[in-house]
Structures are given as structure tokens and as C-alpha cells.
Amino acid sequence: MNKQSEPNFPDIQLGSLDELWFQVAGTVCNLTCEHCFISCSPQNHSFDFLTFAQVESALLESVERGVREYYFTGGEPFLNKELVRMLQRTLDFGPATVLTNGTVLKSEWLQQLAATENQSQYSLEFRVSIDGPTSEINDPVRGKGTFDRAIQGVSLLSEFGFLPIITMTQTWDDSQNANMLNQFRSVLQSHGYSRPRLKILPRLKIGAEEKRTKGYQDTERISHQMMEDFDHNQLLCHHSRVITSRGVYVCPILLEEPDANMGNTIAESTRAFKLKHGACYTCYQYGAICTNSSLTRASPLTQ
């Protein structure tokens with residue numbers, strides 16, 4: 001397709017930099033989930049680990065940018081040996097959230113983090129990915145034995161006073177949502193998590209998920225008309241950026257898209273972004289799915 005025939009997709013401006021993300025483990029993960037939208041695995045080193053110095057430098061710059069909260073993701077963030085130190089430093093600046101699969105947690109790490117949070121004015125959240133209330137639902141997607149290991153991780157978090165948000169990527173029909181949530185509450189309560197926090201997320205049909213099922217159709221794109229009177233805050237790219245080993249990206253979903261690299265610095269990353277990707281359409285449908293925000297329309301956070 002030549003330039004003259006390319007569809008004219010809408011742009012979105014960075015309204016304010018409210019959240020700053022850190023791709024601390026790059027694309028390295030101890031699991032190889034069949035629906036991972038950036039195809040993370042033990043062998044995927046297309047994005048490398050961030051260093052403590054890189055994170056601290058971005059934290060210092062974030063102050064003048066007005067950043068209000070921080071997210072740590074990967075890959076699996078806890079594979080980065082400096083993560084605990086990074087989180088401890090981050091709690092000097094604002095609240096932090098770690099997105100983890102929960103299978104590699106250690107008591108000594110959580111003990112240190114709990115002590116730091118108790119002394120900080122800011123909160124530390126954990127989001128644990130478990131894609132179903134049973135091993136029969138979760139393990140075919142995330143790997144054999146991962147359900148039991150993740151549940152043990154949730155129990156460990158609860159033991160140290162954390163109340164993790166359990167996120168489930170929906171691989172079942174909408175009619176099953178209430179049943180899945182009820183089942184999951186019972187399972188978590190039986191493992192010592194008395195007031196589970198649950199959130200259902202939509203599938204992102206890119207990366208490994210595109211190979212598992214199918215990718216986006218040409219019709220699944222955002223148009224100028226769709227953006228009329230639309231609340232731009234529903235889109236992560238309107239209020240976030242992501243620090244990676246290869247530069248600053250527009251969001252944590254589009255790391256495999258060259259145009260999502262917004263520059264080498266936060267200052268360079270503030271330019272507008274063209275909403276031309278299928279994953280942008282999913283965010284349009286369901287809201288800022290990557291954050292803990294109550295604006296998320298995929299499935300309201302339930303307690």
C-alpha cells in the first residue's frame with residue numbers, strides 16, 4: 001500500500017503525563033503464555049532489562065512532568081534482580097504497581113517491600129495474572145502447573161499484607177463472566193485471600209495471541225468519527241508513556257510496532273500518536289485496560 005492510499009487515522013495528543021511505565025524485564029519472562037501480546041518468553045530478548053540508574057533517572061525527570069503513579073511490567077518484573085530496589089526508590093515519588101505472574105515471588109522480597117511501604121506515604125500494588133479460576137482453564141494458556149504456582153504467590157502476597165488485583169484475560173464467552181468471578185472468589189478465599197479484587201481483561205489480538213487465534217480485521221480500527229465526543233482519558237496513550245531499553249514507547253501494548261517508539265527521552269515522547277493499530281481499537285472499546293483506573297470498561301474491578 002502506498003502512502004497516498006493509506007487510511008487517514010486520527011491522532012491523539014498526550015494530554016498529561018499521569019502514569020509512567022517501566023518495562024523493567026524487557027520481553028524476558030519465565031513463562032511462555034500462548035496469548036501474550038508481546039510474545040514474552042525466556043528466550044525473547046528483543047527488549048532488555050532496565051537498570052536501577054535508568055529507572056532513577058526517569059523518576060527524577062518525572063517530577064517536573066507531573067507524573068502521579070508508576071507501573072512496572074515485563075516480561076516478568078521479578079526476573080530483574082534490581083526490582084526491589086527500584087520499587088523502594090519509586091515509593092519516594094508516588095504510588096507503584098507491579099504486573100506479575102506471581103510464580104517467582106520470594107518472602108524476603110515481599111518482607112522488604114512491605115517494610116518500605118509501611119514507611120512511605122504512597123501505596124504499593126500488585127496485579128497478578130491468572131487466566132481462570134481453575135488449572136483446567138488457566139494452564140492450557142499459561143503453562144502446566146502455573147495456576148497452582150500463581151495461587152501460592154497470591155497467598156504469599158496476602159501473608160505480607162498486600163491485596164493483589166487478580167487479572168484474567170477473557171478466553172471464554174461473555175455469558176460466563178459472572179460464573180468465573182464467583183468461582184475465583186471462592187478459590188482465593190480458600191487460600192486465605194478473604195476479599196479478592198478481580199478484574200477481567202479483553203484479549204489483545206497481537207503477538208502470540210494472533211497466532212493462537214486470529215488477528216484484527218481491517219474494520220477493527222478507530223476512525224475520526226469514533227473519536228468525536230469520545231473521552232480521550234479512556235486511552236492510555238493520552239496520559240502515559242513507557243520507558244524501555246530501546247527508548248520511550250507510547251504504551252506497553254504496542255512494543256512490537258516501530259511507530260510506537262516515540263523517542264529516546266520523555267521530552268521527545270510527548271508528540272501526537274496516530275491511532276492506526278488494532279490494539280488501539282480494543283482500548284477504545286474497553287477503556288484504559290492497562291491501568292488500575294476505575295475508568296476501565298472491560299469489567300469493573302469487583303471486590
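First, a word on what this report is: a plain description of the structure on this page. Just so you know, these numbers come straight off a predicted model, no measurement behind them.

**A look at the overall build of the protein**
Line of reasoning, step 1. Along the protein, the regular secondary structure elements total nine helices and 11 strands.
Line of reasoning, step 2. Overall, the C-alpha framework of the protein stretches about 60 × 45 × 40 Å when taken along its three principal axes.
Line of reasoning, step 3. Across the 303 residues of the protein, 55% fall into the buried class.
Line of reasoning, step 4. In the protein, the share of contacts with a sequence separation of at least 24, taken over all contacts with a separation of at least 6, comes to 73%.
Line of reasoning, step 5. On the protein, roughly 13,700 Å² of surface is accessible, and the fraction owed to carbon and sulfur atoms is 45%.

**Brief notes about the pairing of strand E2 (residues 19-23)**
Line of reasoning, step 1. In terms of burial, E2 is a largely internal element, five of the five residues being buried.
Line of reasoning, step 2. Residues Glu19, Trp21 and Gln23 line one face of E2 and the alternating positions Leu20 and Phe22 line the opposite face, and both faces are buried.
Line of reasoning, step 3. Direction of pairing for E2 relative to strand E3 (residues 69-73): parallel, over a ladder of five bridges. Across the sheet, Leu20 pairs through a bridge with Tyr70, a residue of E3.
Line of reasoning, step 4. Following the backbone out of E2, through helix H1 (residues 52-65) and into the adjacent parallel E3, one traces a crossover that is right-handed.

**Comments concerning helix H9 (residues 278-286)**
Line of reasoning, step 1. When you tally the buried positions in H9, you get seven out of nine residues, the bulk of the element.
Line of reasoning, step 2. Looking at H9, one finds that the buried residues are Gly278, Ala279, Cys280, Tyr281, Thr282, Cys283 and Tyr284.
Line of reasoning, step 3. On its buried face, H9 sits against helix H8 (224-227) and strand E11 (273-274).
Line of reasoning, step 4. Backbone geometry just after H9 places Gly287 at a positive phi near 90 degrees.

**Let's talk about the packing of aromatic side chains**
Line of reasoning, step 1. Taken as a whole, this structure holds eight aromatic pairs when the rule is applied.
Line of reasoning, step 2. On the numbers, 6.5 Å between centres and 20 degrees between planes, the contact of Phe22 with Tyr70 is stacked. On the criterion of sequence distance, the pair formed by Phe22 in strand E2 and Tyr70 in strand E3 is long-range, its members being 48 residues apart.
Line of reasoning, step 3. Ring geometry for Phe230 against Tyr284: centres 4.4 Å apart, planes inclined by 25 degrees, an arrangement best described as stacked. On the criterion of sequence distance, the pair formed by Phe230 in the loop between H8 and strand E8 (240-244) and Tyr284 in helix H9 is long-range, its members being 54 residues apart.
Line of reasoning, step 4. Members of the aromatic cluster, each reached through a chain of ring pairs, are Phe78, Trp109, Phe126 and Phe162.
Line of reasoning, step 5. Sitting over the ring of Phe52, Arg85 keeps its end group 3.7 Å from the ring centre.
Line of reasoning, step 6. Sitting over the face of the ring of Phe47, Arg246 holds its NZ or CZ atom 4.2 Å from the ring centroid.

**A few points about unusual backbone geometry**
Line of reasoning, step 1. Cis peptide bonds are those with omega within 30 degrees of zero, and the linkage from Gly74 to Gly75 qualifies with 10 degrees.
Line of reasoning, step 2. Residue placement: Gly75 occurs in the loop between E3 and helix H2 (83-90).
Line of reasoning, step 3. Of note, Ser39 is a non-glycine position whose phi angle comes to about 55 degrees, a positive value.
Line of reasoning, step 4. Looking at the element boundaries, Ser39 is found in the loop between E2 and H1.
Line of reasoning, step 5. In this structure Ser39 comes out as partly exposed when scored by relative accessible area, which is 23%.

**Some thoughts on the sheet that holds E2**
Line of reasoning, step 1. Spatial strand order, E7-E6-E5-E4-E3-E2-E8-E9-E10: nine strands in an open sheet with mixed pairing. Two strands lie at the open edges of the sheet, namely strand E7 (197-201) and strand E10 (261-263), each paired on one side alone. Direction aside, the axes of adjacent strands within the sheet are offset by 25 degrees on average.
Line of reasoning, step 2. Looking at chain direction, strand E4 (residues 96-100) and strand E5 (residues 124-129) are connected through five bridges and run parallel. Across the sheet, Thr100 pairs through a bridge with Val128, a residue of E5.
Line of reasoning, step 3. Of the strands in this sheet, strand E6 (165-169) and E7 are in contact with helix H6 (residues 177-190), which crosses E7 at around 145 degrees.

**A closer look at the packing of helix H5 (residues 146-159) against H6**
Between two packed helices, both the angle of their axes relative to each other and the distance between the axes serve to describe the pair.
Line of reasoning, step 1. Relative to each other, H5 and H6 sit at 60 degrees, their axes nearing to 10 Å. Between H5 and H6, the interaxial angle falls into the category oblique. Classified by chirality, the crossing of H6 by H5 is right-handed. Across from Phe147, Ile151 and Val154 in H5, the residues of H6 making contact are Phe184, Val187 and Leu188.
Line of reasoning, step 2. Looking at the contact of H5 with H6 residue by residue, the classes come out as six nonpolar, no polar and no charged.

Here is what the cut-offs are and how they apply
- Residues numbered from 1 in each chain as written.
- Predicted model: local features only at pLDDT ≥ 70, side-chain atom pairs only at ≥ 80, totals over all residues.
- Heavy atoms only, no water.
- Helix = DSSP H or I, 4+ residues; strand = E, 2+ residues; numbered from the N terminus.
- Buried < 20%, exposed > 50% of the residue type's maximum accessible area, 1.4 Å probe, protein only.
- Contact = heavy atoms within 4.5 Å.
- Areas by Shrake-Rupley, 256 points an atom, 1.4 Å probe, with all protein chains shown as cover.
- Pairing = 2+ DSSP bridges.
- Right-handed = clockwise from strand over helix to strand, strands pointing away.
- Phe/Tyr/Trp six-rings, centres within 6.5 Å; stacked < 30°, edge-to-face > 60°.
- Lys NZ or Arg CZ within 6 Å of the ring centre and 35° of its normal.
- Axes fitted to C-alpha atoms, helices over the stretch in contact; angles between N-to-C directions.
- Parallel < 35°, antiparallel > 145°, perpendicular 65-115°, else oblique.
- Left-handed = near helix turned anticlockwise from the far one by under 90°.
- Nonpolar A, V, L, I, M, F, W, Y, C, P; charged D, E, K, R; others polar.

Everything listed is a geometric property; what it means functionally is a separate question.
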